[in-house]
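# Commentary on secondary and tertiary structure
Spelled out from the first residue to the last, the chains are:
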Amino acid sequence: MLRILNKIRKIGIVTEPVAAEPSLEALGIEVKRRVGRRMRGSFAIRAVDAGSCNGCELEVHALNNPFYDVERFGVHFVASPRHADALLVTGPVSRHMAAALQRTYAATPAPKWVIAVGDCAVGGGEFGCSYASLGGVDKVVPVDIVIPGCPPTPTALLRGLLELLKADS
Amino acid sequence: MIRFEWLSELLARCEDEHVLVRHGSATQLALVHLLDIDHEDWGSFAAVAHAYGCRWSAVWADQVDSGLFNLNACFEYRGDYLVVRAGVDLRQPVLPSQTPWFPAANRPERHVQDMFGIVFSDHPDARRWTRHQAWSEGHYPLRRDFPAEGDRGGEICAPDADYPFFQVQGTGVYEIPVGPVHAGIIEPGHFRFQALGETVLNLEERLGYVHKGIEKIAEGRDAAGLARLAGRVCGDSSVAHAWAACMAMERAARCSVPPRALHLRAVLVERERIANHLGDIGAVCNDVGFAFAHYQFGRLRETWQRVNGQVFGHRLLMDCVIPGGVSRDLDAAQLDALKASHAELGGELEELSPIVDYHPSLEDRLLGTGVLTPETAALLGTVGYVGKASGRDYDLRRDHAYAPYHRLQVESPVFREGDVAARLRVRTHEIGHSLALIQQLLDTLPEGETALPWQPPASGAEGLGLLEGWRGEVLCYVRFGDAGKVARFFPRDPSWLIWPALEQLIHGNIVPDFPVCNKSVNASYSGHDL
């Protein structure tokens, strides 16, 4: 126990201003304010992997690590579409996942947003359109904002999320 | 050690069992022995190989002309790899199965069945596997006459609702369907539990949801395009798959890779191993509510990935491995940054490893949880850290030493407990060993080129890439067609060999321990579904 406490004391809190980009930090503060007013303090996201290679998931995960700590802006990931304000969809939408994505969208209460994350979700990416892949999230559900990248970095993800919130409010 | 000194004995056994080996070649597939057999002997050969003690590794088919498939199966014995090949007539594509002898062949053979329409006559489980509803029964995507774009346009196909799951019945037995969309930020797949109270009686996995047609869309690509695609077979194993694909292409083209590039590839793959182990150690701890370790290991992983980004230009190291070498060289400042990052991690782990190893609340939840016995692991031919935690002492870097590992001292941890704690311990040990390896690699980094220009090989040239990724053995087969274009690409992620272990190790555990058991195995969905 002492070792744990000692390590906690030594490391402290590593959460940092958003990637040392002043505009982003300003945006973060503003979005937090808007989330507070318009979203009653919480913006809930349900992540859906619709055929990604897992690269995007790793970077979405990173949003929750102690450096980015996306919850400080009132943005958090939820376990059910029923609790979600937005769906974050990765992958080119494999045909085997298309129906599941449609159903997840239907299960999300309106008003709702869809965020297409990664080059595959935006336009098929490396996998394109084939007998097994539909080639983009907008082929299945309406998309409100895209965050390209292969995969997008956590900073790019954060910027995309903040812009979505800002644009809509 | 002399390579393949056992082969003549195996061939003698084949003769005893009347398995006709028509032709053998040690050169057609570089570093691997290729044996041609009759398709009727497909099952009998497996029986001989099983009795001899070979491990089954992979099966893949390849349509070589309009009427003929080549079916290949790969076996390993003492670090040597053997590929057996049989011609299968398209008009009557039926042959015996190898699954009765090697359970690991079960799903891979069903994948071949779904993709090529090759039927394994005595397969114990003939249900479809990779195919859901994206293409119809009786159509086979990897046959030449199947168009890559499919025949359904933009139609959204129906969910795969009528898959015949295994049933368990009895008083108080209930069923829990989970997925394909899971509660966390993870890949999709379906798990069907039968439980009695909290205890899992049976788990059946249903995968294939992220099938993206990788094998089909690889056809017609050039070497650079294939390396890019291979780096996205499985995003957490980008370096391993890209390297395996390049290794296969380079062996097919008889192309040598500069020593400096080989060292840098090994540095990349070890950094990938460490990044994934760091993330998973934190995640396993998080699944049993130990937030401290989740925070600390998440921090280490992020710091590690940032160095990847600064030094190699990509946080997940994608597109660093290219045919003929690596895409970027390192200058002195970057080498110093790498060395500093390794020293820093080493220091951190000195403090953190003892905490994770000896924390009572972790021991309480992880010791004895999700046990894969050494016997089951041997039966399933499990590889990687899942195998190493269950007595499978096999690591290609040491036992099938490929460049540059053949010059290095590779240590590989092995335990016999087979529980979540043992899998975690393999990973903490592997991080330490990888750090030592990277130091050796950088200390002896040769001068010179980092890539040679790519020369496409003649039509028909083929190669097999084999290496130890962070999950275990990665295999990749490439055959070239005309004009240096890829005619066949088959990446075999180690996940094929570790997913079946999860179904076994969960027996008798409680349903709430499934997440931690699953995370401790962490098989890939994308790498498996292709």
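This one's a predicted model, so the numbers in the text were calculated from it and none came from an experiment.

Within chain B one finds 17 helices and 15 strands. At 23 Å, chain B has a C-alpha radius of gyration in line with the 24 Å of a compact globule built from 530 residues. Referenced to the eigenvectors of the C-alpha coordinate spread, the extents of chain B come out at roughly 70 × 65 × 55 Å. Looking at chain B residue by residue over its 530 residues, the buried ones come to 63%. Long-range pairs, those at least 24 residues apart, make up 69% of the contacts in chain B between residues at least 6 apart in sequence.

Next up on the list: the interface of chain A and chain B. Counting residues at the interface gives 57 residues for chain A, matched by 69 residues for chain B. Buried area between chain A and chain B, both sides added, is near 4,800 Å², and the carbon and sulfur share of it is 63%. On the chain A side of the contact with chain B, A:His96, A:Glu126 and A:Tyr131 bury the most area, a combined 19% of that side's loss. Across the chain A-chain B interface, the total number found is six salt bridges. B:Arg228 is paired through a salt bridge with A:Glu126; the nearest N and O atoms lie 3.4 Å apart. Between the two partners, chain A and chain B, sit 23 residue pairs in polar contact (both at pLDDT 80 or more). When residues of the side of chain A that touches chain B are traced back to their parent elements, those giving at least two are helix 1 (2-11), strand 1 (43-49), helix 3 (55-62) and helix 4 (95-107) of chain A. Ranked by the residues each element gives to the side of chain A that touches chain B, the list is headed by helix 4 of chain A, at nine residues. Its residues placed into classes, the side of chain A that touches chain B shows 30 nonpolar, 15 polar and twelve charged.

Attention shifts here to a nonpolar patch on the surface. Taken together, A:Met1, A:Leu2, A:Leu5 and A:Ile8 make up a surface patch of nonpolar side chains, about 460 Å² in accessible area. In this fold, A:Leu2 is placed in helix 1.

Quick look at helix 2 (residues 42-52) of chain B now. At 3.6 residues per turn, the α-helix brings residues three or four places apart onto the same side. Residues and elements named next belong to chain B. By the criterion of burial, helix 2 is predominantly enclosed, with eight of the eleven residues buried. Among the residues of helix 2, those classed as buried are Trp42, Gly43, Phe45, Ala46, Ala47, Val48, Ala49 and Tyr52. Downstream of helix 2 by a residue or two, Gly53 has a phi angle that is positive, lying close to 105 degrees.

On to the pairing of strand 9 (residues 190-196) of chain B, then. All names here are of chain B. Counting buried residues along strand 9, six of its seven residues qualify, which places the element largely inside the surrounding structure. Taken together, the six bridges between strand 8 (residues 173-178) and strand 9 define a ladder with antiparallel strand orientation. Following the sheet pairing, Pro177 is matched in strand 9 by Arg192. Bridge count between strand 9 and strand 10 (residues 199-206): seven bridges; the pairing is antiparallel. Across the sheet, the residue bridging to Gln194 is Asn202, located in strand 10. Here strand 9 hands over to strand 10 after two residues, with Gly197 in that stretch at a positive phi of 65 degrees.

What follows concerns the pattern of salt bridges. Residues and elements named next belong to chain B. Under the criterion given, the structure shown has 44 salt bridges over all chains. The residue Asp80 makes a salt bridge to Arg3 at a minimum N-O spacing of 2.7 Å. In this pair, Asp80 is assigned in strand 5 (residues 80-89) and Arg3 in the segment before helix 1 (7-16), connecting sequence segments 77 residues apart. Assessed through its relative accessible area of 4%, Asp80 is described here as buried. Asp280 serves as the salt-bridge partner of Lys519, at 3.8 Å between the closest nitrogen and oxygen. Remark: Asp280 occurs in helix 7 (residues 259-287) and Lys519 occurs in helix 16 (residues 514-521); sequence separation between them is 239 residues. Among the residues examined, Asp280 registers a relative accessible area of 7% and is labelled buried. A network of salt bridges, in which partner residues are shared, links Glu270, Arg273, Lys388, Asp395, Arg397, Glu430 and Glu468.

Residues and elements named next belong to chain A. Residue Pro151 follows Cys150 across a cis peptide bond; omega there is -15 degrees. Counting through the fold element by element, Pro151 comes out in the loop between strand 5 (145-147) and helix 6 (154-168). The phi torsion at Asp69 lies on the positive side, around 45 degrees, for a residue other than glycine. For Asp69, the position within the fold is in the loop between helix 3 and strand 2 (75-77).

Another aspect to go through is the domain arrangement of chain B. Residues and elements named next belong to chain B. As far as domains go, chain B holds domain 1 (5-120) and domain 2 (166-208 + 495-530). The gap between the C-alpha centroids of domain 1 and domain 2 is 30 Å. If you look at the interface, domain 1 gives seven residues, while domain 2 gives seven residues. Taken together, both faces of the contact between domain 1 and domain 2 bury some 550 Å²; the carbon and sulfur share is 59%. Between the two partners, domain 1 and domain 2, sit two salt bridges. Note that Glu503 and Arg107 form a salt bridge whose closest N and O atoms lie 2.8 Å from each other. Summed over the shared surface of domain 1 and domain 2, the number is two residue pairs in polar contact (both at pLDDT 80 or more). Considering only residue class, the side of domain 1 that touches domain 2 consists of three nonpolar, two polar and two charged.

All names here are of chain B. Read from one edge to the other, the open sheet built from three strands follows the order 13-14-15, with strand pairing classed as antiparallel. Two strands in the sheet have a free side with no partner beyond their single neighbour: strand 13 (462-468) and strand 15 (486-492). Taken pair by pair, the neighbouring strands of this sheet meet at an average axis angle of 10 degrees, ignoring direction. Sheet topology note: the strand 13/strand 14 (residues 473-480) ladder contains seven bridges and is antiparallel. Counted as the bridge partner of Glu462 is Arg479 from strand 14.

This part takes up the sheet that holds strand 1 of chain A. Residues and elements named next belong to chain A. The parallel open sheet is built from five strands, whose spatial order is 2-1-3-4-5. Edge strands, defined here as strands with exactly one partner in the open sheet, are strand 2 and strand 5. Looking at each pair of strands side by side, their axes are set apart by 30 degrees on average, direction ignored. The sheet contact formed by strand 1 and strand 3 (residues 86-90) spans five bridges and is parallel. Within the sheet, the bridge partner assigned to Ile45 lies in strand 3 and is Ala86.

On to the packing of aromatic side chains. In total, this model carries 22 aromatic pairs over all chains according to the counting rule given. With centroids separated by 5.5 Å and ring planes inclined at 85 degrees, the aromatic side chains of A:Tyr131 and B:Phe146 adopt a geometry described as edge-to-face. Taken together, the residues A:Tyr131 in the loop between helix 5 (119-123) and strand 5 and B:Phe146 in the loop between strand 7 (119-120) and strand 8 connect one chain to another. Here A:Tyr131 and B:Phe146 have matching classes, each one buried. A connected cluster of aromatic rings, assembled from ring pairs, spans B:Phe191, B:Phe193, B:Trp499, B:Phe514 and B:Tyr525. In this structure, B:Arg206 packs its charged tip against the face of B:Tyr163, placed 3.9 Å from the ring centre. Directly above the ring of B:Trp304 sits B:Arg271, whose terminal nitrogen or CZ lies 3.8 Å from the centroid.

Quick notes on the rules
- Residues numbered from 1 in each chain as written.
- Chains lettered and ligands numbered in written order.
- Predicted model: local features only at pLDDT ≥ 70, side-chain atom pairs only at ≥ 80, totals over all residues.
- Heavy atoms only, no water.
- Helix = DSSP H or I, 4+ residues; strand = E, 2+ residues; numbered from the N terminus.
- Rg over C-alpha atoms; globule rule 2.2 N^0.38 Å.
- Buried < 20%, exposed > 50% of the residue type's maximum accessible area, 1.4 Å probe, protein only.
- Contact = heavy atoms within 4.5 Å.
- Buried area = accessible area lost by both parts, 1.4 Å probe.
- Salt bridge = Lys/Arg side-chain N within 4 Å of Asp/Glu carboxyl O.
- Polar contact = N/O pair within 3.5 Å; in protein donor to acceptor, adjacent residues only side chain to side chain.
- Nonpolar A, V, L, I, M, F, W, Y, C, P; charged D, E, K, R; others polar.
- Patch = residues over 30% accessible without salt bridge, like charges linked within 9 Å, V, L, I, M, F, W, Y side chains within 5 Å.
- Areas by Shrake-Rupley, 256 points an atom, 1.4 Å probe, with all protein chains shown as cover.
- Pairing = 2+ DSSP bridges.
- Domains from an automatic or database assignment.
- Axes fitted to C-alpha atoms, helices over the stretch in contact; angles between N-to-C directions.
- Phe/Tyr/Trp six-rings, centres within 6.5 Å; stacked < 30°, edge-to-face > 60°.
- Lys NZ or Arg CZ within 6 Å of the ring centre and 35° of its normal.

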